[in-house]
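Examining the three-dimensional arrangement
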Amino acid sequence: MTEAVAAPAKPAAADWSAAVSTIRELAPAGRVLLICHVNPDGDALGSMLGFALGLRRLGAAQVQATFPGEFEIPEPFTALPGLDLLVPEARAWPAPDLVLVFDVAAESRLGALVDRLPAARATVVLDHHASNTGFGSVNLVDPTAAATSVVVEELLERLDVPLDVEIAECLYVALATDTGSFRFDMTTPQVHEMAARLIATGLRPGEISRRIFDSRPFGAMKLFADVLSRAQLDPAAAAGHGMVWTYATLEDLERHDQRPYVLDALIDPVRCVAEVDVSIVVKQQSDGVWAVSMRSKGAVDVSAVAVALGGGGHRLAAGFTGHGAPGDIVIAVSDKLDNHLI
Ligand code: AMP
Ligand code: MN
Ligand code: MN
């Protein structure tokens, strides 16, 4: 007998109408603060800025977008429309009227900005992580959505904000980032239909892809070469499905004069290793503190592994913060893989 698996719950009609009425009530005259997760990726920034531009079209005059931590926008995203709405966290209004949160599964990913939520009259959360804790006063969480930008597009439509080429570019960057350029499993017919609507506004997909995926400094390439050359293969890990891992230190970054965000792309060559299911990149944040990125090709639920180690994410792409030496962090991961086979 096969066990019935409950379909992940999409937002209910009541959630959509609560989001629409909250935004219609508070956005036109109030201060609206948009927040995405720490170390923002293409989905976090693209979803947030796309919606921020939509709010402007709705007539909202006071709109700020921000994210926690160091105010650095990764080079691939420095041409996104709407960047003029971004402010460093220290300049974000302490008590906004409305807070909108993008691509954030748990409040821990909001850093010091978490204090803006109780200060606001309402918080609307837009997200697609199955593990989302529902920390908003209104939660639009769709675990079947390939990116948060899918939720953003639907909310803009319900607010009668038409797509223009600037909003579309933001949402396209978000969608292309989270689907790995329309290659991952969640690349459904609906994803391609959304991409078609976005491209129809006149944006240039080739130019955007070159900018966000196929462009990096020479020093970053040399850094990748060093870090990839120390990768280790463990074919017996994950009950024989195999694991590959490597690590990058702050010294590596310094030696090649590179910024930390360039390492976000490093998981891509690592996860291509044919002999394994699980790939891991361990990136030094500070002394003894490491950001761990994990990917699976389908044999392991790395989100469950990440949650067990204090992090989160999706079934096939997840992460957590590790402490100690990279080899020991990877042993802790490896010990958990067998318990989370799909
Ligand atoms: P990354 O490997 O940084 O691209 O992250 C992959 C996925 O894991 C994303 O969906 C992130 O939201 C999630 N993730 C990464 N690091 C953490 C963390 N420290 N805590 C919670 N979720 C995380
Ligand atoms: Mn993200
Ligand atoms: Mn996302």
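Residues numbered from 1 in each chain as written. Chains lettered and ligands numbered in written order. Predicted model: local features only at pLDDT ≥ 70, side-chain atom pairs only at ≥ 80, totals over all residues. Heavy atoms only, no water.

Considerations on the overall build of the protein chain
Worth spelling out the cut-off: Helix and strand assignments follow DSSP, with helices taken as H or I runs no shorter than four residues and strands as E runs no shorter than two, numbered in order from the N terminus. The contact definition used throughout considers only heavy atoms, calling two residues in contact when any of these lie within 4.5 Å. Note on areas: Shrake-Rupley, 1.4 Å probe, and residue coverage restricted to the protein chains presented here. We treat Lys and Arg as the positive residues and Asp and Glu as the negative residues; His and chain ends play no part in the count. A single reference atom marks each charge: NZ on Lys, CZ on Arg, CG on Asp, CD on Glu.
Helices and strands together make up the secondary structure of the protein chain, namely 12 helices and 11 strands. When the backbone C-alpha atoms are referred to their principal axes, the protein chain occupies close to 55 × 55 × 40 Å. Long-range pairs, those at least 24 residues apart, make up 66% of the contacts in the protein chain between residues at least 6 apart in sequence. Total accessible area computed for the protein chain in this model is approximately 15100 Å², and 53% of it derives from carbon and sulfur atoms. If you average the places of the 26 positive and of the 43 negative side-chain charges in the protein chain, the two averages end up 4 Å apart.

Remarks on the coordination of the manganese ion (ligand 2)
Around a metal, the perfect tetrahedron of four donors has angles of 109.5 degrees, and the perfect octahedron of six donors has angles of 90 or 180 degrees. To keep things clear, this is the line we draw: For Na, K and Ca the donor cutoff is 3.2 Å, while for all other metals N, O and S atoms must lie within 2.8 Å; water is not among the atoms, so some sites may look incomplete.
With distances of 2.1 to 2.4 Å, the protein atoms coordinating the manganese ion (ligand 2) are H37 (NE2), D41 (OD) and D103 (OD). All donors to the manganese ion (ligand 2) come from one chain, and their sequence spacing reads H-x3-D-x61-D. If you look at the manganese ion (ligand 2) and the manganese ion (ligand 3), they sit 3.8 Å from each other and are both ligated by D103.

Quick notes on the coordination of the manganese ion (ligand 3)
Filter applied, for reference: We call a residue buried when its accessible area falls under 20% of the maximum for its residue type, exposed when it is over 50%, and partly exposed in between, using a 1.4 Å probe and counting protein chains only.
The protein atoms that coordinate the manganese ion (ligand 3) are D43 (OD), D103 (OD), H128 (NE2) and D178 (OD), at distances spanning 2.1 to 2.3 Å. For the manganese ion (ligand 3), the donor residues sit on a single chain with the sequence spacing D-x59-D-x24-H-x49-D. Looking at H128, the relative accessible area reads 3%, which means it is buried.

Re the nonpolar core
So the rule is basically this: Nonpolar core, defined: a set of buried Ala, Val, Leu, Ile, Met, Phe, Trp, Tyr and Cys residues in which side-chain atoms within 4.5 Å join the residues together.
Membership of the largest hydrophobic core comes to 59 residues, with the highest contact counts inside it found for L34, F51, L55, L100 and L155. Dropping the residues within four chain positions of it, F51 is found in contact with I23, L34, L100, F102, V152, L155, L156 and L159. Counting 21 residues, the second-largest nonpolar core is a separate cluster that includes V278, W290, M294 and V330.

Quick look at the site of ligand 1
What counts is decided by this rule: Distances are taken per atom, and a residue is near a molecule or strand as soon as one of its heavy atoms is within 4 Å of it. Here a polar contact means two N or O atoms within 3.5 Å. Within protein one must be a hydrogen donor candidate and the other an acceptor candidate, and residues neighboring in sequence count only if both atoms are side-chain atoms. Under this grouping Gly is polar, as are all residues other than the nonpolar Ala, Val, Leu, Ile, Met, Phe, Trp, Tyr, Cys and Pro and the charged Asp, Glu, Lys and Arg.
Around ligand 1, a shell composed of 13 residues is seen, among which H129, S293, R295, G312 and A318 lie nearest. Within the side chain of R109, one N or O atom sits 3.3 Å away from an oxygen atom of ligand 1. Taking H129, its side chain carries an N or O atom lying 3.1 Å from an oxygen atom of ligand 1. Here ligand 1 has 480 Å² of accessible area as a free molecule, and 76% of this is covered by the chains. Top element by residues in the shell around ligand 1 is strand β11 (residues 317–323). It accounts for five residues. Residue composition of the shell around ligand 1, grouped by class: three nonpolar, eight polar and two charged.

Observations regarding the sheet that holds strand β6 (residues 232–234)
Note the following rule: DSSP bridges decide pairing: two strands pair if at least two such bridges lie between them. Here, axes are lines fitted to C-alpha atoms. For helices the fit covers the stretch in contact, and angles between N-to-C directions go from 0 to 180 degrees.
Strand order in the open sheet made by the six strands is β6-β7-β8-β9-β11-β10, with mixed pairing throughout. The sheet is open, and its two edges are formed by β6 and β10 (312–314), each paired on a single side. Averaged over all adjacent pairs, the angle separating strand axes in this sheet is 20 degrees, with direction ignored. Direction of pairing for strand β9 (residues 289–296) relative to β11: antiparallel, over a ladder of seven bridges. Counted as the bridge partner of V289 is H323 from β11. Running at roughly 155 degrees to strand β7 (residues 243–248), helix α12 (residues 326–337) makes contact with β7, β8 (278–286), β9 and β11 of the sheet.

Remarks on the side chain of S334
The topology assignment puts S334 in helix α12. Not counting residues within four places of it along the chain, the set of residues in contact with S334 comprises A237 and M243.

Some details on the pairing of β11
Because side chains alternate across β11, one face comprises the buried residues A318, F320 and G322, and the other comprises A317, G319, T321 and H323, none of which is buried. The sheet contact formed by β10 and β11 spans three bridges and is antiparallel. When the bridges of β11 are listed, G312 appears paired with G319. Between β10 and β11, which follow one another and run antiparallel, lie two residues.

Notes on the environment of Q284
Secondary-structure assignment places Q284 in strand β8. Placed 62 residues apart in sequence, Q284 and K222 show a C-alpha to C-alpha distance of 18 Å. When neighbours within four sequence positions are excluded, Q284 is seen to be in contact with A248, T249, L250, V289 and W290. Polar contacts involving the side chain of Q284 include one to the main-chain carbonyl oxygen of S286, which spans 3.3 Å.

Details of the packing of aromatic side chains
The geometry of an aromatic ring pair is captured by the separation of the ring centres together with the interplanar angle, meaning the angle of the planes. Basically, it comes down to this: Think of it this way: a Phe, Tyr or Trp ring, Trp meaning its six-membered ring, pairs with another when their centres are within 6.5 Å, and the plane angle makes it stacked under 30 degrees, edge-to-face over 60, tilted otherwise.
Here the structure, examined in full by the defined rule, presents five aromatic pairs. Ring centres of Y172 and F182 lie 5.7 Å apart, and the angle between their planes is 45 degrees; this geometry places the pair in the tilted category. One end of the pair, Y172, is in helix α5 (residues 165–178); the other, F182, is in the loop between α5 and α6 (189–199), with 10 residues separating them in the sequence. The class for F182 is buried, based on a relative accessible area of 18%.

Observations regarding helix α1 (residues 13–26)
Test applied: In this scheme, a helix's expected span is set at 1.5 Å multiplied by one less than its residue total. Directions are taken from the helix axis to each C-beta atom, and the arc is the one they span.
With 14 residues, α1 ought to run about 20 Å at 1.5 Å a step, and its terminal C-alpha atoms sit 20 Å apart, in line with that. All buried positions along α1 are accounted for by W16, A19, V20, T22, I23 and L26. All buried residues of α1 project into a common sector of 165 degrees when viewed along the axis, lining one side. For α1, the exposed residues set more than 90 degrees away from the buried face come down to A13, A14 and E25. Its buried side turned inward, α1 meets α2 (42–57), β3 (98–102), β4 (122–127), β5 (138–141) and α4 (148–158).

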